[in-house]
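Structural characterization, general
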Amino acid sequence: MIVVHLKHTNYKEVLKSISEQLHLQLTGDILQLTPDIADGYFKVVELPNGLQALLSDVHYHVDVTFKREKSDEYFSILHFNDAELSEPLHFLRNGKQMFDKSARRAGVTLSSNANDLSFTVKGNTKAKSINILLPGRWINDNLNRYNELQVLSRYNAMRNTLVHPEPFDAQNRVLFDEVFQTDETNPLQSMIVKNRIMLLLEHFLSKIYRKMQEEPTQPPRKIKASDMGKLMEIESLLVRDFGQPPPTIALLAERTGMSVSKLKSAFKRVYGTGIYEYYQKNRMQKARSMLLTGQYNVKEVGTQLGYSNLSNFSLAFKKEFNILPSQV
Amino acid sequence: MFSFEYTHSSYIDMINDLAERLQVKLKDNWLFFPEEIASGYYRVLQLSNGLDVSIINCRINRDWLFSSKSDTEEYYTLRFDELTIEKEIRIGIDTDVVERGKETVAVAYLTSSLFDWYYHGTKGTTFKGVNILIPKEWLGKLMGVEAFDEILPAYLALKSRSFTMEPLDTVYYQLIKEIMEEDPDTPFPRLYVENRVQLLMERFFTRIHSRVSLADVQSNIKPDDIYTVLRIEKILVENFSAKPKSIEELSRKATMSSTKLKKIFKSVFGLPIYEYYQQKRMLKAGELLSTGKYSVKQVAVTIGYTNVSNFVTAFKKYMKEEPSAFIEA
């Protein structure tokens with residue numbers, strides 16, 4: 001078991017400190033891990049206005065515990081995670097134990113450094129994450145006319161997003177994947193990555209803000225934690241490979257051990273759309289983002305997304321965005 | 001005629017001068033024009049990464065001349081302009097002049113402060129624009145696009161020629177619209193506007209990069225020749241209702257031999273000249289059909305077919321579907 005201590009005030013320092021604790025060499029803003037611990041990397045991305053993000057794409061080989069100490073300066077931290085958990089994720093917040101028992105964790109967590117927090121990732125877990133450090137000062141500077149800061153902390157108090165992350169939606173999913181999939185040889189890569197992270201931030205903040213405005217006193221939705229984990233697993237399965245036809249609902253239901261009708265209604269409640277609608281929305285978002293890179297023509301995109309008939313693809317695209325793929 | 005000249009490398013300075021000149025008060029760097037000059041506003045915001053952005057959204061009520069004198073300090077201005085012109089407008093960049101009559105001009109382009117630049121607009125013109133001031137070092141350092149070092153000078157040397165003016169398409173329009181019509185309920189308005197400005201820049205540079213460098217890297221074609229075929233491409237596809245220009249005519253316009261033109265065109269666009277022409281023509285047809293406003297026959301005529309069944313055959317060859325299937329979209 002490896003224990004890493006984190007002091008969250010600056011991700012560059014965090015990265016430097018992790019490299020020292022693990023006796024690893026830091027290359028610029030990237031920390032490449034070694035196979036005795038894990039395959040993968042941690043990377044710091046500097047965002048506009050002094051914001052920072054810590055990215056990681058890691059396949060853990062041994063158990064690693066991250067311990068975060070509380071600090072005086074107020075920070076919120078937004079964590080976007082997509083992880084295949086080999087065993088439950090174990091949290092300890094101010095001495096209180098909590099577990100995320102889902103096999104797949106694909107969602108957003110909000111935490112703050114007002115608490116001591118530690119969490120243990122078990123060996124054989126595969127995890128991608130984007131963590132954004134939000135100083136209270138930044139939130140204040142970006143306020144509109146409402147008190148967003150209060151909304152955030154109220155949201156934080158009402159929802160235990162450590163154990164129940166806010167699930168990804170179609171937009172999050174595409175942005176999240178683009179952060180990790182943008183081609184390194186693309187000279188605009190760093191700009192694209194920054195822009196996607198800023199959009200994730202905007203999208204999440206606006207979404208929870210609206211949610212809190214609409215239903216300020218709504219209790220957490222009545223979906224069992226274990227079912228939530230299964231839904232996240234379904235979500236990841238759906239968007240994994242658009243070159244293949246989507247899995248049937250019957251198959252998905254079997255996989256989760258839920259009945260077809262329960263799965264359908266639970267999925268809709270959490271993700272806001274039907275299962276296939278969600279699949280199709282993501283597929284079109286993916287098409288749009290591929291076209292926007294300028295690296296693929298309409299035919300290549302259609303084919304990669306499983307369309308054998310190009311005009312079916314064009315029509316589906318038009319249905320979603322009101323323009324033809326050739327007009328992107 | 002209202003004329004205003006500036007040399008600043010800061011939009012904040014510029015809007016302050018303009019406010020003084022118009023004798024209006026600024027509020028959070030918003031300037032509302034006096035009615036006799038224009039109806040609408042001009043605003044400036046500084047992005048958190050230090051870039052200056054100006055946004056204009058107005059209808060000009062009197063002829064005006066906006067001009068910027070070349071400056072020794074070098075910086076770029078990335079402009080996204082949408083002008084609906086009542087009479088005419090003249091855009092001058094250095095010694096080149098673009099004149100437009102009664103129409104809509106919607107273009108994205110990059111200029112350098114090393115050139116003189118002016119907009120001479122006439123009464124009745126509607127002007128929407130998002131302009132971003134980019135210091136010279138910025139592109140390379142903050143965006144990590146060293147690759148542009150070679151491309152930009154060549155790009156800028158072209159000034160107002162057709163290649164540099166990238167027409168705005170639906171994706172650009174959408175972003176500009178979102179910037180202009182900021183949703184009053186957006187909880188994080190700064191973040192919202194900034195992200196859209198960043199996306200405009202990302203798209204512009206992505207497009208420029210894929211148009212110039214991809215072709216450049218794959219072959220050993222000189223940048224000048226690439227620019228030439230890009231210009232030829234514009235001429236080729238500008239009007240489908242007339243007969244396509246002959247290769248001889250195009251090579252005359254390109255001042256290249258027809259063998260050389262054919263070869264370079266193919267390596268830049270991936271297709272021989274007429275095949276490319278035909279493909280674009282069918283895409284145009286698909287676009288027109290899917291608006292639902294035109295019949296198959298009307299579309300055929302618009303893109304230069306006198307015989308509808310020839311059109312249907314050609315369309316099926318490229319789009320693998322009957323033209324009528326597109327109308328139902």
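Worth saying up front: this structure is predicted, and the values here are computed from it rather than measured.

About the criteria used
Residues numbered from 1 in each chain as written. Chains lettered and ligands numbered in written order. Predicted model: local features only at pLDDT ≥ 70, side-chain atom pairs only at ≥ 80, totals over all residues. Helix = DSSP H or I, 4+ residues; strand = E, 2+ residues; numbered from the N terminus. Rg over C-alpha atoms; globule rule 2.2 N^0.38 Å. Buried ≥ 20, exposed ≤ 12 C-beta atoms within 10 Å, placed from the backbone. Contact = placed C-beta atoms within 7 Å. Axes fitted to C-alpha atoms, helices over the stretch in contact; angles between N-to-C directions. Parallel < 35°, antiparallel > 145°, perpendicular 65-115°, else oblique. Nonpolar A, V, L, I, M, F, W, Y, C, P; charged D, E, K, R; others polar. Core = buried A, V, L, I, M, F, W, Y, C linked by C-beta atoms within 7 Å. pLDDT = per-residue confidence, 0-100. Pairing = 2+ DSSP bridges. Expected span 1.5 Å × (residues − 1).

**Digging into the overall build of chain A**
In terms of helices and strands, chain A carries eleven helices and 13 strands. For 328 residues, the compact-globule estimate of 2.2 N^0.38 gives 20 Å, and chain A sits close to it at 20 Å. Over its C-alpha atoms, taken along the principal directions, chain A stretches across nearly 55 × 50 × 45 Å. Here chain A holds 328 residues, and the buried ones make up 36% of them. Sequence-distant contacts, at least 24 apart, represent 70% of the contacts inside chain A between residues at least 6 apart.

**Considering the packing of helix H6 (residues 225–238) of chain A against helix H8 (residues 260–271) of chain A**
All names here are of chain A. Relative to each other, H6 and H8 sit at 85°, their axes nearing to 11 Å. Taken together, the axes of H6 and H8 are roughly perpendicular relative to one another. Across from Asp 227, Leu 231, Ile 234 and Glu 235 in H6, the residues of H8 making contact are Ala 266, Phe 267, Val 270 and Tyr 271. Its residues assigned to classes, the contact of H6 with H8 shows six nonpolar, no polar and two charged.

**Points about the nonpolar core**
All names here are of chain A. Grouped together as the largest cluster of nonpolar side chains are 99 residues, with contacts concentrated most on Ile 130, Ile 197 and Leu 200. The leading source of residues in this core is helix H5 (residues 189–214), at 13 residues. With near-sequence residues (within four places) excluded, Leu 200 lies in contact with Phe 80, Ile 130, Asn 172, Leu 175 and Phe 176.

**Quick look at the confidence of the model for chain A**
Keep in mind that low pLDDT regions are not for reading the predicted coordinates in detail. Mean pLDDT over chain A works out to 84, with 92% of the residues at or above the 70 mark. Within chain A, the element-level pLDDT minimum falls on helix H3 (residues 148–158) of chain A, averaging 67, and the maximum on strand E5 (residues 52–60) of chain A, averaging 95.

**A word on the sheet that holds strand E7 (residues 75–84) of chain A**
Residues and elements named next belong to chain A. Strands sit in the order E2-E3-E4-E5-E12-E7-E10-E13 across an open sheet of eight strands; the sheet is antiparallel. Two strands bound the open sheet, and with one partner strand each, they are strand E2 (26–27) and strand E13 (166–167). As defined by bridge partners, E7 adjoins strand E10 (residues 104–112) across nine bridges and the pair is classed as antiparallel. Bridged to Ser 76 within E10 is Ser 112.

**Section: helix H4 (residues 170–181) of chain A**
Taking 1.5 Å of rise per residue, the twelve residues of H4 of chain A would be expected to cover 16 Å, and the 16 Å separating its terminal C-alpha atoms lies within 8% of that figure. Residues of H4 of chain A that are buried include every one of Ala 170, Asn 172, Arg 173, Val 174, Leu 175, Phe 176, Glu 178 and Val 179 of chain A, and no others.

**Observations regarding the pairing of strand E4 (residues 52–60) of chain B**
Residues and elements named next belong to chain B. Across the nine residues of E4, seven count as buried, placing the element largely inside the fold. Of the strand pairs in this sheet, strand E3 (residues 38–46) and E4 are connected by nine bridges, and their pairing is antiparallel. Considered in E4, the bridge of Leu 45 is made with Val 53. Remark: five residues form the turn of the hairpin made by E3 and E4, two consecutive strands paired antiparallel; Gly 50 in that turn has positive phi of roughly 95°.

**Here's the deal with the sheet that holds strand E11 (residues 117–121) of chain A**
All names here are of chain A. Taken in spatial order, the five strands make up an open sheet running E1-E6-E11-E8-E9, and their pairing is mixed. Of all the strands in the sheet, the pair left with one neighbour each is strand E1 (2–6) and strand E9 (96–100). In this sheet, neighbouring strand axes are inclined to one another by 20° on average, regardless of whether the strands run parallel or antiparallel. Pairing analysis gives four bridges linking strand E8 (residues 89–93) to E11, with the strands arranged antiparallel. Pairing of Arg 93 across the sheet is with Leu 117, part of E11.

**A few points about the interface of chain A and chain B**
Of the residues lining the interface, 32 residues belong to chain A; the matching set on chain B comes to 37 residues. Taken together, the elements giving at least two residues each to the side of chain A that touches chain B come down to H5 and helix H11 (310–321) of chain A. In terms of residue count, the dominant contributor to the side of chain A that touches chain B is H5 of chain A (ten residues). Across the side of chain A that touches chain B, the residue classes break down as 16 nonpolar, 13 polar and three charged.

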